[in-house]
Every structure is written in C-alpha cells, then in structure tokens.
Amino acid sequence: MSWLIARLAGHLEPVRGRIEELLALGADELIVAVAGAERERVLAERENLRPDRLRVHSEQSGLEPVCRCDAAYPRRLLQLASAPRVLYVAGGVERLRELVAEDPVAIVGARRASDYGLEVACALGRGLASARVAVVSGMALGIDSAAHGGALAANGGTIAVLPGGADRPYPRAERALYQQIRRTGVAISELPAGAPVFRWSFPARNRIIAALSSLTIVVEARERSGSLITARIARELERPVAAVPGRVTSPLAAGPNALLAHGAELVRGAQDVLDVLFGAGVRGASTRDRAGVAPELESMLAQVADGADTVATLARDGLTAEQTLAALSALELAGYLRREPGGRYVVVP
Amino acid sequence: MLARVRTFAIDGVEPRQVWVEVDIRSGLPAFTIVGLGDIAVRESRDRVRAAVQNSGFGFPQQRITANLAPAFLRKVGPGFDAALALAVLAAHGEVPAETLDDYAVFGELSLTGELRDSPGALAVAEGARRAHVRRLIVPRERAREAALVDGLTIVGVSSLRDAVEVVKGGEPPPLPAPVPNGKLAWCEPDLADVRGHAAPLLALQIAAAGAHNLLLEGAPGTGKTMLARRLPSILPEMSRPEAIAVTRIHSVTGLHADGLITARPFRAPHHTISPAGLVGGGSPLRPGEATLANHGVLFLDELSEFQRSTLDALRQPLEDGCVTIVRAQRALMFPTRFMLVAATNPCPCGFVGVDDRCTCGEPDLRRHRRKLSGPLLDRMDLLVTVGRPAEDELRAPATTSSAEVRERVAVARERQRDRLAGSPARCNGEMDTRLVRRHVRLDERAEQILGDAYSAGALSARGRLRVLRLARTIADLDGSEGVSSAHVLTALGLRQRAGPPAAVV
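Residues numbered from 1 in each chain as written. Chains lettered and ligands numbered in written order. Predicted model: local features only at pLDDT ≥ 70, side-chain atom pairs only at ≥ 80, totals over all residues.

Observations regarding the overall build of chain B
1) Next: Along chain B, the regular secondary structure elements total 21 helices and 16 strands.
2) Next: Considering chain B as a whole, with its 505 residues, one finds that 48% of them fall into the buried category.
3) Next: Sequence separation of at least 24 residues holds for 73% of the intrachain contacts in chain B that already meet a minimum separation of 6. (Helix = DSSP H or I, 4+ residues; strand = E, 2+ residues; numbered from the N terminus. Buried ≥ 20, exposed ≤ 12 C-beta atoms within 10 Å, placed from the backbone. Contact = placed C-beta atoms within 7 Å.)

What to know about the environment of Gln303 of chain A
Residue and element names in this part refer to chain A.
1) Next: Its location among the elements puts Gln303 in helix α15 (residues 295–305).
2) Next: For the pair Gln303 and Thr313, spaced 10 residues apart in sequence, the C-alpha to C-alpha distance is 9.7 Å.
3) Next: Other than its neighbours up to four places away in sequence, Gln303 contacts Ala308 and Leu314.

So, the sheet that holds strand β5 (residues 158–161) of chain A
Residues and elements named next belong to chain A.
1) Next: Read from one edge of the open sheet, nine strands run β1-β2-β6-β5-β4-β3-β7-β8-β9, paired in mixed fashion. What marks the edges here is a single partner per strand, and that holds for β1 (64–67) and β9 (265–266).
2) Next: Across the sheet, helix α8 (residues 115–130) touches β3 (105–108), β4 (135–137), β5 and β7 (215–218), and the angle it forms with β3 is around 170 degrees.
3) Next: Against the sheet, helix α13 (residues 254–261) engages β7, β8 (241–243) and β9, with an angle of about 130 degrees to β8. (Pairing = 2+ DSSP bridges. Axes fitted to C-alpha atoms, helices over the stretch in contact; angles between N-to-C directions.)

Some points on the packing of helix α19 (residues 444–455) of chain B against helix α21 (residues 485–493) of chain B
Residues and elements named next belong to chain B.
1) Next: Running from amino to carboxyl end, α19 crosses α21 at an angle of 30 degrees, the nearest separation of the two axes being 7 Å. Taken together, the axes of α19 and α21 are roughly parallel relative to one another. Packed against α19, whose contacting residues are Arg445, Ala446, Ile449, Leu450 and Ala453, the element α21 presents Ser485, His487, Val488, Leu489 and Leu492 at the interface. (Parallel < 35°, antiparallel > 145°, perpendicular 65-115°, else oblique.)

Looking at helix α7 (residues 198–210) of chain B
1) Next: Helix length check: α7 of chain B (13 residues) gives 19 Å between terminal C-alpha atoms against 18 Å at 1.5 Å per residue, within 8%.
2) Next: In the stretch just after α7 of chain B, Ala211 of chain B is the one whose phi turns positive, near 55 degrees. (Expected span 1.5 Å × (residues − 1).)

Section: the sheet that holds strand β15 (residues 339–344) of chain B
Residue and element names in this part refer to chain B.
1) Next: Pairing is parallel in the open sheet, where five strands are placed in the order β11-β12-β15-β10-β16. On the outer flanks of this sheet lie β11 (266–267) and β16 (382–386), each paired with one strand and no other.
2) Next: Of the strand pairs in this sheet, strand β10 (residues 214–218) and β15 are connected by four bridges, and their pairing is parallel. Pairing of Leu214 across the sheet is with Val341, part of β15.

Thoughts on the nonpolar core
1) Next: If you look at the biggest cluster of nonpolar residues, it comprises 160 residues, and the most contacted ones within it are Ala82, Ala85, Leu86, Ala87, Leu136, Ala146 and Val488 of chain B.
2) Next: Sequence-distant contacts of Val488 of chain B, that is, excluding residues within four places in its chain, are made with Leu442, Ala446, Ile449, Leu450, Val467, Ala471 and Val483 of chain B.
3) Next: With 82 residues, the next largest nonpolar core counts Val120, Ala121, Cys122 and Ala140 of chain A among its residues. (Core = buried A, V, L, I, M, F, W, Y, C linked by C-beta atoms within 7 Å.)

Some words on helix α17 (residues 402–420) of chain B
All names here are of chain B.
1) Next: Taking 1.5 Å as the rise per residue, α17 with 19 residues should run 27 Å; its terminal C-alpha atoms sit 26 Å apart, in good agreement.
2) Next: Those residues of α17 that fall on the buried side of the exposure criterion are Ser402, Val405, Val409, Ala412, Arg413, Arg415 and Gln416. Projected down its long axis, α17 shows its buried positions confined to an angular sector of 155 degrees, all on one face. Exposed side of α17, more than 90 degrees from the buried face: Ala403, Glu414 and Asp418 are the residues found there.
3) Next: Lining the buried residues of α17 we find α7 and α20 (461–478).
4) Next: Looking at the residues trailing α17, positive phi occurs at Gly422, about 90 degrees. (Arc of directions from axis to C-beta.)

Examining the interface of chain B and chain A
Frequently, the measure chosen for interface size is the accessible area that the parts lose on association.
1) Next: On the side of chain A, 32 residues touch chain B, which itself brings 32 residues to the contact.
2) Next: Broken down by secondary-structure element, the contributors of at least two residues to the side of chain B that touches chain A are α7, α19 and α21 of chain B.
3) Next: It is α21 of chain B that provides the largest number of residues to the side of chain B that touches chain A, a total of five residues.
4) Next: Broken down by class, the residue content of the side of chain B that touches chain A amounts to 23 nonpolar, eight polar and one charged. (Nonpolar A, V, L, I, M, F, W, Y, C, P; charged D, E, K, R; others polar.)

As for the packing of α17 of chain B against α20 of chain B
Angle between the axes and distance between the axes are the two parameters that describe a pair of packed helices.
All names here are of chain B.
1) Next: Interaxial distance between α17 and α20 falls to 8 Å at its minimum, and their mutual angle equals 115 degrees. The two elements α17 and α20 cross, and the hand of that crossing is right-handed. Across the interface between the two elements, Arg408, Ala412, Arg415 and Gln416 of α17 pack against Thr473, Asp476 and Leu477 of α20. (Left-handed = near helix turned anticlockwise from the far one by under 90°.)

Here's the deal with the pairing of β7 of chain A
Residue and element names in this part refer to chain A.
1) Next: With burial as the criterion, each face of β7 is covered, one bearing Leu215 and Ile217 and the other bearing Thr216 and Val218.
2) Next: Across four bridges, β3 lies against β7 in parallel orientation. Bridge pairing in β7 links Val108 to Val218.
3) Next: The β-α-β motif built from β7, the intervening helix α12 (residues 226–236) and the parallel element β8 has right-handed crossover chirality. (Right-handed = clockwise from strand over helix to strand, strands pointing away.)

Focus on unusual backbone geometry
1) Next: Here the amide bond leading from Tyr170 of chain A into Pro171 of chain A is cis, since omega sits at -5 degrees, within 30 degrees of zero.
2) Next: Mapped onto the fold, Pro171 of chain A is located in the loop between β5 and α10 (175–184).
3) Next: Of note, the amide linkage connecting Ala69 of chain B to Pro70 of chain B takes the cis form, showing an omega dihedral of 0 degrees.
4) Next: By secondary structure assignment, the location of Pro70 of chain B is in the loop between β4 (63–69) and α2 (81–92).

Notes on the confidence of the model for chain B
Residue and element names in this part refer to chain B.
1) Next: Per-residue confidence for chain B averages 87 on the pLDDT scale, and 94% of its residues sit at or above 70.
2) Next: Counting contacts from residues 498–505, a segment whose pLDDT is below 50, to residues more than four positions away or on other chains yields 27 contacts.
3) Next: Predicted complex, confidence summary: ipTM 0.75, pTM 0.70. (pLDDT = per-residue confidence, 0-100.)

Observations regarding the pairing of β15 of chain B
All names here are of chain B.
1) Next: With six of its six residues buried, β15 lies for the most part within the structure.
2) Next: With burial as the criterion, each face of β15 is covered, one bearing Met339, Val341 and Ala343 and the other bearing Leu340, Ala342 and Thr344.
3) Next: With four bridges joining them, strand β12 (residues 297–300) and β15 adopt parallel strand pairing. Across the sheet, Leu298 pairs through a bridge with Leu340, a residue of β15.

Set out below in structure tokens:
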C-alpha cells in the first residue's frame, strides 16, 4: 500500500479536499479513484511487485518497516480510518515502541514563527521531555524544529513525522537536527525510502502526528495553517487539543487564539500540559535539570533570576567584568540564559 | 634667459615633483603660465608680479613664459607662487641660477612679497628628500613641520626677499621655537571620570589593545559618546613613522600647522556626511574622514542616522586599510587604517529594554534592525550594550584611570608586535584568517566551546573569526600565550546582541 501511495503520488497532487479520505480507501479503490489513464499500468506493476525487494531497499536506507499488525505499531494510529499500513522508522523500532508507550504530545506551529513562539516551543519541548513525555512534531522550520530541539536539549525522546521518506531530512535545512533525532529519537514516515515530497504530503503527515499523540498543542499558527489541520484531526479523533495564547493583534496568534475560543486547553507551560494529560497535580513538571552547571554558575543563575540581570550589577560582588561575562556566556551557550535588549539577561524558562 | 626651480605638487596626500621653468625673451611684455594649472595657478601671475616688485626687485618688461612640468599632472592651489617668483628672478639674473639647483621652493606669496602659510609642507619635505634635494625653502610657519623630515635642510623664511638672500649665500634663519602646547592635561577626558559601566570599560580596553572595531549600543544619555571620547586617552602612542604619516595627512588638508602630531587622531564626523566626505573624493581629490582617522579612531555617533550609501562606502576601507578612488584621469590611494567606533540607540526611540519606556512599534524596530544589520555590523568585533549605571555606582570612587589602562594596553600591544613581527599586521585586529590560524591556539575546552557556539548558530563564520581575534587580545591583556576557555567565553560575551537564544537546536 505504501508503495502504491508513493507510486500514485503524482496523481494525488491535483486532488482537492481531504487527503485522509482518499488514503482511507482500499488499494483497488484508490487506483480507480486517482490513477485515471494509468490504471492498467499501475495494476500490472502491482502484480509484479516483489515485497522482499522493497524490504531490502528500505533496509539499505537504514529504515525499518513496521506493519499494522506488528506489536510495535502504535495502537493510537489504528483509530485513524486512513491508518498507514506500514510505518518506516529511522532510529529503531524498539525506540519507537518505548516512545509511544506512554502519552506522547504533539507540538506544532508556524514555520515563520516569532522569537516568542520559538522560545515557548523550545521550553515546552524541554519541559515535557524532562517529564518523560515524548514530543511529536513534523521537523518543519520554526516551531516544529524548536520543539524537537527543546526535547533533545533535555535528553528526552522525540518523534519526527516526515512528509517524505524517513531516510532523508525534510526540509534539508534541518539536516543537523535530523541526524540528532536519528541518534536519540526516531524519524518516521508512511512512505518508503526516497519518496519525494508533494503538496498533499503535509496534511497526510499531519494526520499521523495528530493520531500518534494523546494531545496536540498548537503554538503559533496563521489563520490558514497546516497546524490547524493537525488540530482538526486530533479533535475528530476525540483527543484533547491545546493552544498557547498569543497577542490578539498578531496574525501568528490567530490560529491558537481561535482554538482557545472553541474550547481548546490553555497552555502556559509544560505543567499545564501535564495536568491535562495526567490530571491536575498528578505529575509535576520537573524544574530544569541543571546537572551540568558548575556551582558558581548556579549561583549566578540564581542572581539573574533574582533581578540582578546586567553585567554591571553582577560584576559588583568580587567578580571582574571579565569573569562575569565569561560566566554569563557559558550559561547562555548552555541555554539557561538569554540576552534581552538593553544588555539584560533573563533566565530561559 | 632660461631658469628652472624645483617645487612639489600635492596629489591627494602624495608629493609629486614639479619643475617650474621660466623663459624670458624679448617681445611685448606678457606673462603666461602653461602646464595644466587651475585658476589659483593662473592668478599666480598677478601675485608674483606684485610680490617681486614690492620686494624691491625689478620685474622684467619682456615676454615671460612659465611652464609647470610635467604638463600632464594637474596643479592645484597657490603653492607654486614662490617657485615661480624665484624662477623669474633667476631668469632675469637677480638670483644665481646655478645655486638654485640645490633648492626646492614651496609657498604662496602675498602681494607684499610675504611668504604665506601654505598647507602640506611636510608632504613637500618628504618629496624633496625622496628627490635628494639638499635644501627646501618653506614659509616660516611651516618650518618646524617640514623639519620633521631628516636628511635635508629646511629654510623657513617669511618673505621673498629673505628667500633671495638665502639663495644668494646668506645665513639661513634659525628654525622658529616650538609653540608651547596649549592643552592642559587635567581637562583631557580620562577614564577616571567614568562610574559604573563595567562591561563597556572592559570593551574599550580590549578594543584599544587589539585595535578592534567597537559598537556601543544603549539608551540616550547612558554615556556611549562619553565612553568613546575617552578611547584616545588609552590608545598606545604612535611610532614615529605613524606620527609623520598622520601629520602629513593633517598638514595637507590644512588642519594642522605646527610640529609633529603625537596624539592619535579622533575623528567624529556628523551623521549628515556624504560618502565622498567620509572616504575621500571631490574635485580636487581630498582625503576623507576615514583617511584623517588613519592610525587613530573614526567615531560614528548615531550610526543608524548615517545614510546607507555612506556606511556602505566604508566597507572597502575597513577591510583593506586603504581606499582607492578612481577619477577619469587617475586613481589615488588614501590610507585608512583606523579603528571604527560607533554608537547607536537600540531602537528609534532609544528606550527598548529600559523598563517599558520603548514606544516603538514592531515595524519601527524591524526597520531599525535592518538598517544596522548587514555588512557594517559584521565588521564589528565588539558589540557592547551601555546600560544606565546604578545610583550607588555614580557615587562610588573611580575604578580605574586612563594612565593605568594605557600601560596595560601598551604591554599587550608589545606582545602582539613581537608575535606578528614579519607579517603585514601589527595588532590582533589586523590579523587575517591565515594569521589567526597560526597565532590563535585554543586549548581543548576553548575549542569545544567555540565549536558549540558555532554549531548552535550563535556565530557566523566571520563572527567566529572575530571571536578568535578578540580572544587573542583578551589573552594578551591577561599576559597569557595560550587562549583559554575563559578568554573565548569573555569574547563571546562581548559580542552582545539581543536575539534568539543562542542554544536553540
């Protein structure tokens, strides 16, 4: 079937309307629906298909296929009428099984996001990952990548659902992130190795994100955003949807604010998400894991949190400006601090 | 009768030898000057005639033709007057022509026969030495300046009459006594006046030690300009060749008249300056502020107010240390090895980051950021935010003084000079990629930190190079031969710009 979808990818391109309805069709019906003049040829090719060769091909690309009847196949996906027959996994089937065992959370949002959105996505990713909740997203530029990055920064698990073949990064700009995800998380796709990306691949991918996760969070989204498709599908699957509020004047906040108006859960931080998932107060978002921070840096971090936020004020207790700057840079590089206009430092949540 | 006298024209800031040839023959009285002179040169006829007569000499009532050779070089200004007058007198037989061969003559004449102050005597003296002239006659006001050049005798005279006396074998007058320096040490700006500002003070010191470019960013009234004006007080002294180069440029542009300039130049052009005013240009070609700031500091206050084209014009001079200006007839090169210091508000209203006082909208901020970002910002080694000092800091005693800092800076420069000996660079700020690779040795931990910063996207490739240079200077100030992680971290901290978190992804 995944071979078929990849084979018919070009035919699916002109399709308007909901891609998941087409993907829910059986193989023969799909061919009838979209193949048109090529129908006979596709049918013939399908007859001659050698499943063992497909398997070898995907294994050469470092992908492991997981069939719908496999024990490692995520149960939640089955709720989807168009559940993929096969998932191709980069990074290990076993790891995928561990990551989806408990409630994974999807964090999705705009590609061209604001600094605020990126920061929130990163902080959510980090907070959830350190509470052992897997972060699912689409590895797109902007919010998606920030969420993955946050989860990786907390040494947590993360699942990237790719629109094309899972053997290569899409978008290519996120190569470094992709490699990192393959090392400690998984990248999955319903399409075989090397499958190129089409316009319909994105909504199709979004349905997998929504179905894979117990909760979908929209961080920033313009009015007509793919992230809202993810939210709609999650709602259709009767899974909770959550959104991060934004400024009402910002077009980037239109999506999440509309979701909130229609009853989505309000997310201010990782704790809100954990409350929705496990009930209020059941599981606490651990405060940040600062294992790697040297004691003198720790005290500086505390001082910054207490409002001594410029080099001048920090440099007053016995430290030279040079030492203060070095310490602040170390904290900034480790992702604990951020510079604000006016030379102030703030603690990254 | 034919006579000729040597003088020098100033082409940009370079001296060019010019022969003034005068031919007198019988005919109707006339005086023509040929040789591509400008209006000042043409008017010189009348000045020379009056000056010669008012000095008590007879002016030949014959046909006089003067030529300024080489004829292809455009001659500008009244500096040829004295040479013309002496050539006329020699051709007329009032002055022995053969002794004139030892002399070069430079200066403007007044109608009374007085030799007037003329800018550029130092450049002329350098040209004279290069041409192996033994004696140079200059206006008396310029004698001390010209005497900075060794290897020839400078004769400072105040009138044409005195000049003739000297050429005839009279005793040359002694050099005038130096004018006492009118500056009072205690009213020069000093770092001891600064309270608070820990990070900017550190940045100033590092900038001075390595000749790094520096951007000060901060709300109005926090002290950006005050800090920048104190930079010259901690810069190391100029070497003699540097001082002569600076004096020559200032002399040519008429900004300086007496003796050697010892303080490094500090040029602070207003933000309405044109590209030609900044890097040189116009007709006749004049050096711009960038050249006047050679070996010193070019300070651009309110950087965001400068025209984009003006700032763009600075890119080549910043990178190459010189600017080449090509006009239809010729190309001229001006030296521009300066330290760029700029100050700017962080946003159009100036108060972003100060409580909630900023009134700028998102589009304003974006426009401001776009104007500042880009090529010029990329060439800044140090980006430092100047904040408002706390109240108790303002009452505290001074933390440092210029003399103290200058000493540290001088020691650091000494280390750099030794290390960079034999290469075109003289300080860390001038190191190119190859020199950085050779001289900046990071320890393992520092290497890792820099690698992390680079792969986190907090640094561009050029930014990385700048951090390496900075870290080298910080290590030099520390007296350490290796560059440690603390040095790299401090360098990273001194490239402060608010932006997306450095460690995302």
